[in-house]
Each structure stands twice: as structure tokens, then as C-alpha cells.
Amino acid sequence: MALQFDQVSYRYPGSIQGVTDISLKIGDGELVALIGASGSGKSTLLRLLCGFAAPDRGQVRIDGEDVSPAPPERRKLGVVFQDYALFPHMRLWENVAYPLKVRGMARDARQTRACEMLARVGMAGREQDRPDLLSGGQRQRVALARALVFGPRGLLLDEPLSALDAGLRAEMRDEIQRVQRQAGIATLLVTHDQEEALSIADRVAVMRDGRIVQIATPHEVYDRPAEAWVAAFVGQSNLWPGTVAASGRVETALGPFTCDTGPRPKGERVTLLVRPERVIPGAGPINGLTGTATADRFLGPVRRLDLSVPGGTVKVETHLPGLVRDITIPPDAIRLLPAEASLSTAV
Ligand SMILES: Nc1ncnc2c1ncn2[C@@H]1O[C@H](COP(=O)(O)OP(=O)(O)OP(=O)(O)O)[C@@H](O)[C@H]1O
């Protein structure tokens, strides 16, 4: 079953804040991650999908049906929040079985079903425990089991891993992906963690100021961001304003670069994007620069350097040791994005 926003706009009463013209379809079995800066409208979209707010314009659809006027309980969506929200006085199986109890299922049947779900999320043998005995990751497994136990029409995950430490987060995101795939359910994941979004989503929707500015695969969002803002928001980036000087050549404050300019005419203003890991330490035949490292951070698997060059700074990411002075930017590492006004002095 698909979850869909069809040209949805919403303003909070008495406010100009909200979301504007949102169209997004999450296909059956698909996992879409919603990312964006704080205040960009992620929670508002979740509220509209859950039924805690109704759109001013457009429709929210579940499996094609317009549910915009329907109250939350009629939408049959499974939801997992950041703070687990398990009932502390209930055993784990009772927590998971709760949605079935509300729906009137007999005790034996719901216990069987809840225990099956607990096994599916790797919690077999813990059915009789109470939540206070569990780690954060285990609680989120139980919350996931509870969200899925009644066969919901869609799954909403609201920052489900943000309360966990980094190691557990990585483990749990694989677990969420595994369980979501197995359930084959349309899923919307709201997250602040871009790595989480890129690693488990089929597609990523990027929100800015109440609008979705890009919906694409994680690879596309990273490699071909729609605008400089997306590039800056997702991962590390070098962003330099430039002007097309000729076909295959762009002028910047750092000097000229050779790159694919496509059909852009001479004189068009652009933003150059170069991901730091695409910068190669060492001199090369084209697009070479020489500078001095003003910062050199060792992060374990990689080093992140800031190289001060005439006209600006180049962020470099490398796993190689040693002094970095000369660098080369391969032409195919340069992406040209639309000019961004805010970058005009930020070289
Ligand atoms: N109850 C409300 N009344 C008025 N404006 C609100 C209300 N809730 C949110 N907003 C505004 O709506 C916009 C979108 O907020 P929303 O909470 O959806 O953003 P978000 O992306 O979820 O942010 P965060 O990542 O911080 O949770 C923001 O400008 C916010 O200030």
C-alpha cells in the first residue's frame, strides 16, 4: 500500500509557518527518509500523515484513498517515536500485543502474534520481561514490533534512533531495514542523521523551508544534489561560485577549472561542487592547486584537511598520511549546480 501526499499545503493556525505544495509517493515496500534542517517541516508532514492535522489544500492518500478528513485511528498506521513510549508496567509481549487488544483480539491469539513479532525483531526469550530491563536499542526493537503487529497500512518512524549511541544506531538501522524489508511496508523515516538516511532509504526527500527540494535515491542526492543547499546539508562539500568561461571551462576565485559545462552558455553563473573525498592529494596535469593545510583532523579511517589556496580554501578528505600541499581535482569530480546568491562572497 502506498502513502501519498498530493499537492499538500498546510499552515499552522494564525501563522505563516507550515508546508507548501508537497507531493511525495512512498510505494509499497519502499522506505523514504525525510531529512531537512530543524523547522523545515518534517514533523508537520508526519502530523498530516498521522491525522493530527488536516491539509488546507491537497490530499493525503493511503493506498489511493483520500484520508485527509480521517482521524488518526482510522488510518491504521504503525508509528515508532524517538522515546520508545513503551508501557512500563506491562510485560514486553503485552506491550506488543496492546494494539491487538485495542482491536478486540482474544488474549491467546494476541499473545501468539506478539511473541512472533518479538522473535522477528530479535527479542525471542524476553517476552515476559518488563521494559525497564532493556537497553535503548532493545526498547526500539519492541516499539518496532508493536508498530507492526497489527498489519498497518504504513510505517512512520520519527527519529527512532536519535536517543541511541553511535554504535548502537548503526546496528539498529540495519535492523530497521531488515524488519521493514521483511514486512514489505511503505515507510516514512524522519531523521536528523544523514548517514542513517543515505544508508537505509530507497529514496531520500530533502526539505527546506516547508518544501521538498529534492526526492531521489541516496546516491543521486549525494552525487547530484539539486542545489548548493542540498550539497551543503548532505555530507561535506566544497562549494565555490563560478562563471562559465567557455565550453569545458569555469572561472572561480581559486582560478580556472576544467570540467563538463554541458549546454551552459558562456557567462552563466554557477556553483561548483566538489566532495572532499574526490580531491586527490598530489600534483596532476589539470585542475592542480597548491596550498597550506590550516587544519588537519585525524578521524580514524580518514583525515579531513582544510587547504588554504590562493583565492579560497579546499576541504580535502584522504586516508593517506603525510604532508598535503599539492592537490588535483579531477574534472569529473566537479558538479555544476545553479548559482546560489548566499555563496557569492563565500569563496
Ligand atoms: N504548533 C505550531 N504552531 C505554529 N507553528 C508551528 C507549530 N509547530 C511547528 N511550527 C512551525 O512550522 C515549521 C515546521 O516545523 P516542523 O516542526 O514541522 O519542523 P521539523 O523539520 O520537524 O523540525 P525539527 O527537526 O526541529 O523537529 C517551523 O517553522 C515551526 O516553527
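What you see is a predicted model, and the numbers here were worked out from it, not measured in a lab. (Residues numbered from 1 in each chain as written. Predicted model: local features only at pLDDT ≥ 70, side-chain atom pairs only at ≥ 80, totals over all residues. Heavy atoms only, no water.)

**Considerations on the pattern of salt bridges**
Thought 1: Counted under the stated rule, the structure contains 20 salt bridges.
Thought 2: Where Arg113 meets Glu116, a salt bridge forms, and the shortest distance between an N and an O atom there is 3.3 Å. Taken together, the residues Arg113 and Glu116, both in helix H4 (residues 107-120) and 3 residues apart, mark about one turn of the helix.
Thought 3: Overall, Arg113 belongs to the partly exposed group, its relative accessible area being 24%.
Thought 4: Its relative accessible area of 44% is what places Glu116 among the partly exposed residues.
Thought 5: Through salt bridges with shared partners, a single ionic network connects Arg141, Glu171, Glu175 and Arg178. (Salt bridge = Lys/Arg side-chain N within 4 Å of Asp/Glu carboxyl O. Helix = DSSP H or I, 4+ residues; strand = E, 2+ residues; numbered from the N terminus. Buried < 20%, exposed > 50% of the residue type's maximum accessible area, 1.4 Å probe, protein only.)

**So, the sheet that holds strand E14 (residues 269-274)**
Thought 1: What the 5 strands build is an open sheet, ordered E13-E12-E11-E14-E21; its pairing is antiparallel. On the outer flanks of this sheet lie strand E13 (255-258) and strand E21 (335-338), each paired with one strand and no other. Averaged over all adjacent pairs, the angle separating strand axes in this sheet is 45°, with direction ignored.
Thought 2: As judged from the 6 bridges shared by strand E11 (residues 238-246) and E14, these two strands associate in the antiparallel manner. Counted as the bridge partner of Asn238 is Val274 from E14. (Pairing = 2+ DSSP bridges. Axes fitted to C-alpha atoms, helices over the stretch in contact; angles between N-to-C directions.)

**Focus: the domain arrangement of the protein**
Thought 1: Partitioning the protein into structural domains gives domain 1 (3-224) and domain 2 (236-338).
Thought 2: Taking the mean C-alpha position of each, domain 1 and domain 2 sit 39 Å from one another. (Domains from an automatic or database assignment.)

**Notes on the packing of aromatic side chains**
Thought 1: Enumeration over the complete set of coordinates arrives at 4 aromatic pairs.
Thought 2: Ring centres of Trp229 and Phe233 lie 5.1 Å apart, and the angle between their planes is 5°; this geometry places the pair in the stacked category. Placement of the pair is Trp229 and Phe233 together in helix H9 (residues 228-233), with a separation of 4 residues, close to one helical turn. Of the two residues, Trp229 and Phe233, neither departs from the other in class, the shared state being buried.
Thought 3: Measuring from centroid to centroid gives 5.7 Å for Trp240 and Phe257, while their planes differ by 0°, and the two rings are stacked. Of this pair, Trp240 sits in strand E11 while Phe257 sits in strand E13; the two residues are 17 residues apart in sequence, bridging distant segments of the chain.
Thought 4: According to the relative accessible area criterion, Trp240 is buried, its value standing at 3%.
Thought 5: Overall, Phe257 belongs to the buried group, its relative accessible area being 1%.
Thought 6: Above the ring of Phe150, the side-chain terminus of Arg103 is found at 3.9 Å from the ring centroid.
Thought 7: For Arg146, the ring lying beneath its charged end belongs to Phe87, and the centroid distance is 5.5 Å. (Phe/Tyr/Trp six-rings, centres within 6.5 Å; stacked < 30°, edge-to-face > 60°. Lys NZ or Arg CZ within 6 Å of the ring centre and 35° of its normal.)

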